[in-house]
Amino acid sequence: MNNLLKCSILIICYIIFASLSTPLKESIEVPYPEGYRNWMHVKSMIITDGDSRSDHFTGFHHIYANEKAMQGYSTGFFPDGSVIVADFLEMVTEKGVIEEGNRKFIDVMVKNDSLYQDTGGWGYGEFDADSKEKRLVNLSQSVAKCFNCHLSKADQQYVFSSYRK
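Residues numbered from 1 in each chain as written. Predicted model: local features only at pLDDT ≥ 70, side-chain atom pairs only at ≥ 80, totals over all residues. Heavy atoms only, no water.

**Describing the packing of aromatic side chains**
Next up, step 1: Taken as a whole and judged by the stated rule, the model has nine aromatic pairs.
Next up, step 2: Ring geometry for F57 and F88: centres 5.2 Å apart, planes at 45°, overall tilted. Placement of the pair is F57 in the loop between β1 (40–47) and β2 (59–65) and F88 in strand β3 (residues 83–94), with a sequence separation of 31 residues.
Next up, step 3: Ring plane angle 45° and centroid distance 5.5 Å describe the contact between F147 and Y158, whose orientation is recorded as tilted. Highlighted residues: F147 in helix α3 (residues 139–150) and Y158 in the segment after α3, separated in sequence by eleven residues. The burial state of F147 is the same as that of Y158; both residues are buried.
Next up, step 4: These aromatic residues form a ring-pair network of at least three members: F57, F88 and F105.
Next up, step 5: Its end group placed over the ring of F77, K111 keeps NZ or CZ at 5.7 Å from the ring centre. (Phe/Tyr/Trp six-rings, centres within 6.5 Å; stacked < 30°, edge-to-face > 60°. Helix = DSSP H or I, 4+ residues; strand = E, 2+ residues; numbered from the N terminus. Buried < 20%, exposed > 50% of the residue type's maximum accessible area, 1.4 Å probe, protein only. Lys NZ or Arg CZ within 6 Å of the ring centre and 35° of its normal.)

Right, here's the structure in full:
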């Protein structure tokens, strides 16, 4: 086989591989969780400046879960389709009163064991303020920023929060 034919075959294989892999990358993106504020409120907390988790998380932190995720909080096993949202808001203090300020961002965890095999079955996403614009634009950013931290909770199915009864 001559070099031109070999090169042509390699280019065709590359084009086929690229076209097959593109839909997979799009399918593993975590979608914006429409209507999450109507889901079950799991708990809230305030993270202050003195916390070691950085300024990124400083402020109000509300956790919401869809119905499947609530099954996980009850049983300790989160089924596929579970979605957990962490809603981060600024903390405003005025005259001794602490109130919620503007939304900073939301973090989203979506359980799907087949799509997210390399990250404990969870996909991660972060969306900016009150928009649906993604702050983490690809899977490698989500792994570096989210999953590497959630690894410390592998014994709790990678979930930090627990349901406040």
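**With respect to the sheet that holds strand β4 (residues 97–111)**
Next up, step 1: Read across the open sheet, the five strands follow the order β1-β2-β3-β4-β5; overall the sheet is antiparallel. Pairing within the sheet leaves two strands with one partner each, and these edge strands are β1 and β5 (122–128). Taking each pair of neighbouring strands and ignoring which way they run, the sheet shows an average axis angle of 25°.
Next up, step 2: In terms of strand pairing, β2 meets β3 through six bridges, oriented antiparallel. Bridge pairing in β3 links H61 to F88.
Next up, step 3: Its contacts with the sheet place helix α2 (residues 67–75) against β1, β2 and β3, and it is angled at close to 95° to β2. (Pairing = 2+ DSSP bridges. Axes fitted to C-alpha atoms, helices over the stretch in contact; angles between N-to-C directions. Contact = heavy atoms within 4.5 Å.)

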